[in-house]
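Observations on chain architecture
One letter stands for each residue in the lines below.
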Amino acid sequence: GESVGLHLPTLSVQEGDNSIINCAYSNSASDYFIWYKQESGKGPQFIIDIRSNMDKRQGQRVTVLLNKTVKHLSLQIAATQPGDSAVYFCADTLLGSSASKIIFGSGTRLSIRP
Amino acid sequence: DTAVSQTPKYLVTQMGNDKSIKCEQNLGHDTMYWYKQDSKKFLKIMFSYNNKELIINETVPNRFSPKSPDKAHLNLHINSLELGDSAVYFCASSQGSSIGRNNEQFFGPGTRLTVL
């Protein structure tokens, strides 16, 4: 079945450095991917998305890269700040007969060293 | 001006009890969801309603019964609570039921349920 997973459960980076969070997916038919940020005690928050007809999309300080050949996507955060500390989820989507749903990966906890 | 709100934030109860979690959104969205997040942070959809109609019903024990009295509310009632029901439950809403850009899901702050 389809699954979305992450290479590392935790990632520690120095404040000001760039962060790269990786994600692998198994469903070749997936055509839409989303990255979410979940801060402690809060619900997930949309960061950025990308469709399968693109290989790169940039937002404010974040970039998502998609490699469909190896079914891999990554989230890059530039100049990581303390406020970036959170669990990051990649997600893809599963089309259903009546509705589509988001399939979340297991998450990577990003911590920032001062 | 909270977009998606849930009550209560924390719920501690004994095994076998029946409890409800309430969710309200003031975004004017048509679609609402319930997700369960376990202790390992794994987040999985349980139910989705679009205009008060159930459109997603995952493999969830029938002890869980969602109810949508109107588009702005989606409540979750759980009967005969079990230890394994302990988790954080998130409500979310989106404009429509399709997944895509301009139809982002907005999540509530979560309800941490602990079953003793």
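To keep things clear, this report deals only with the structure shown in the data block. (Residues numbered from 1 in each chain as written. Chains lettered and ligands numbered in written order. Predicted model: local features only at pLDDT ≥ 70, side-chain atom pairs only at ≥ 80, totals over all residues. Heavy atoms only, no water.)

Side note on the overall build of chain A
When helices and strands are tallied, chain A shows zero helices and eleven strands. Along chain A, helices (α) and strands (β) appear in the sequence β-β-β-β-β-β-β-β-β-β-β when read from the amino end. A compact globule built from 114 residues should have a C-alpha radius of gyration of about 13 Å, and chain A, at 14 Å, falls within 12% of that. Principal axes of the C-alpha set define a box for chain A whose edges measure 45 × 30 × 25 Å. Pairs at least 24 residues apart make up 53% of the contacts formed inside chain A by residues separated by at least 6 positions. Summed over all atoms, the accessible surface of chain A reaches about 5500 Å², with 47% contributed by carbon and sulfur. (Helix = DSSP H or I, 4+ residues; strand = E, 2+ residues; numbered from the N terminus. Rg over C-alpha atoms; globule rule 2.2 N^0.38 Å. Contact = heavy atoms within 4.5 Å. Areas by Shrake-Rupley, 256 points an atom, 1.4 Å probe, with all protein chains shown as cover.)

Concerning the packing of aromatic side chains
Scanning the entire structure with this criterion turns up ten aromatic pairs over all chains. Ring centres of A:Phe104 and B:Phe107 lie 6.2 Å apart, and the angle between their planes is 80°; on these two criteria the pair is classed as edge-to-face. Within this pair, whereas A:Phe104 is found in strand β10 (residues 101-104), its partner B:Phe107 is found in strand β10 (residues 106-107), the two belonging to separate chains. A:Phe104 sits in the buried class, given a relative accessible area of 2%. (Phe/Tyr/Trp six-rings, centres within 6.5 Å; stacked < 30°, edge-to-face > 60°. Buried < 20%, exposed > 50% of the residue type's maximum accessible area, 1.4 Å probe, protein only.)

Some points on the interface of chain B and chain A
The interface of chain B with chain A comprises 21 residues on the first partner and 25 residues on the second. Summed over both sides, the interface of chain B with chain A buries roughly 1900 Å², with 56% coming from carbon and sulfur. When the buried area of chain B at its contact with chain A is split by residue, B:Lys41, B:Ile99 and B:Arg101 rank highest and sum to 35% of it. Counting across the interface, chain B meets chain A through one salt bridge. With a closest N to O distance of 2.5 Å, B:Glu58 and A:Lys101 form a salt bridge. Applying the counting rule to chain B against chain A returns three residue pairs in polar contact (both at pLDDT 80 or more). (Buried area = accessible area lost by both parts, 1.4 Å probe. Salt bridge = Lys/Arg side-chain N within 4 Å of Asp/Glu carboxyl O. Polar contact = N/O pair within 3.5 Å; in protein donor to acceptor, adjacent residues only side chain to side chain.)

Digging into the side chain of B:Asp85
With respect to the secondary-structure elements, B:Asp85 resides in the loop between β8 (73-78) and β9 (87-94). Aside from chain neighbours lying at most four places away, what touches B:Asp85 is B:Lys36, B:Arg63, B:Phe64, B:Ile78, B:Ser80, B:Leu113 and B:Val115.

Some details on the environment of A:Ser52
All names here are of chain A. In this structure, Ser-52 sits in the loop between β5 (45-51) and β6 (56-58). Distance from Ser-52 to Asp-31, taken between C-alpha atoms, is 4.6 Å for residues 21 residues apart in sequence. The residues contacting Ser-52, other than those within four sequence positions of it, are Ser-30, Asp-31, Leu-66 and Lys-68.

What about the state of the cysteines?
Residues and elements named next belong to chain A. In the structure shown here, the tally under the stated rule is two disulfides over all chains. For Cys-23, the disulfide goes to Cys-90, at an S-S distance of 1.7 Å. Of note, the bridge from Cys-23 to Cys-90 carries an S-S torsion of about 55° and is right-handed in sense. In this pair, Cys-23 is assigned in strand β3 (residues 19-25) and Cys-90 in strand β9 (residues 86-94), connecting sequence segments 67 residues apart. Both residues of the pair, Cys-23 and Cys-90, count as buried. (Disulfide = S-S within 2.5 Å.)

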